[in-house]
Amino acid sequence: MADNARAKRLADLIREVVAKKLQRGIKDPRLGTHVTITDTRVTGDLREATVFYTVYGDDEDRAAAAAGLESAKGVLRSAVGQAAGVKFTPTLAFVADALPDTAKNIEDLLDKARASDEQVRQASAGAAFAGDADPYKKPEDEDEDDTAE
């Protein structure tokens, strides 16, 4: 078992190598500049690496990028092996990152909350309090109660 610091360093190296190789070394038109490597995680035994990526575009672009990454997996693993210099080069698994979709969902929910707050603000603009203007007891009221006893 490798320590967590070594796994983290290897994950960072894999992220950098894969990103540079996708930018400069792979000539697949399905990948191009649409793919962004967001994160990389390596197992504790340094045998498997999961590379998270996002794709700028629609569902068709995402499917094409997934196919392109799958076909370039061997070339990318070779580049990682040359750069890392480890005894065993980790296998690469590419996973589409759900972060942009989650962020969009959160933004939609925040927009709904803002709209609801605005409706409440508009409804309460001309409203008045339900009770008296000053519902608290005053000290002179207490004096009157003491004299009545």
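Here is what the cut-offs are and how they apply
What you see as residue numbers is a count from 1 along each chain, following the sequence as written. For a predicted model such as this one, the threshold for reporting local features is a pLDDT of at least 70, and the threshold for listing and counting side-chain atom pairs is 80 or more; totals across whole chains, interfaces and linings nevertheless cover every residue. Based on all heavy atoms of the structure, the side-chain values leave hydrogens and waters out of the count. In this text, buried Ala, Val, Leu, Ile, Met, Phe, Trp, Tyr and Cys residues form a nonpolar core when linked through side-chain atoms within 4.5 Å. Between buried and exposed lies partly exposed: a residue is buried under 20% and exposed over 50% of the maximum accessible area for its type, with that area taken using a 1.4 Å probe on protein chains only. Going along the chain from the N terminus, every DSSP run of H or I of four or more residues is numbered as a helix, and every run of E of two or more is numbered as a strand. Note on contacts: a residue pair is in contact if any heavy atoms of the two residues lie within 4.5 Å. Pairs of strands are assigned from DSSP output, requiring at least two bridges between the strands. Each helix should span, by expectation, one fewer than its residue count multiplied by 1.5 Å.

1. Observations regarding the nonpolar core
Ranked by size, the top nonpolar core spans 25 residues in total, and within it I14, V18, L22, V35 and L76 carry the most contacts. Of all the elements in the fold, those that place two or more residues in this core are α1 (4–25), β1 (35–42), β2 (48–55), α2 (59–71), α3 (73–84) and β3 (91–96). Looking at which element gives the most residues to this core, the answer is α1, with seven residues. Excluding its chain neighbours within four sequence positions, the residues that come into contact with I14 are T40, V42, A49, V51, V80, P90 and L92.

2. Considering the pairing of β1
As defined by bridge partners, β1 adjoins β2 across seven bridges and the pair is classed as antiparallel. By the bridge assignment for β2, R41 is matched with T50. Count of turn residues in the β1/β2 antiparallel hairpin: five residues, of which L46 carries a positive phi of about 60°.

3. A short note on α3
Over its 12 residues, α3 extends 16 Å from the first C-alpha to the last, a length consistent with the 16 Å expected when each residue adds 1.5 Å. Of the residues one or two after α3, G85 is the one with positive phi, at around 70°.

4. Let's talk about the side chain of T54
Locating T54 in the fold gives a position in strand β2. Overall, the relative accessible area of 16% leaves T54 in the buried class. Apart from the residues lying within four places of it in its own chain, the contact partners of T54 are H34, V35, T36, T38, D97 and P100.

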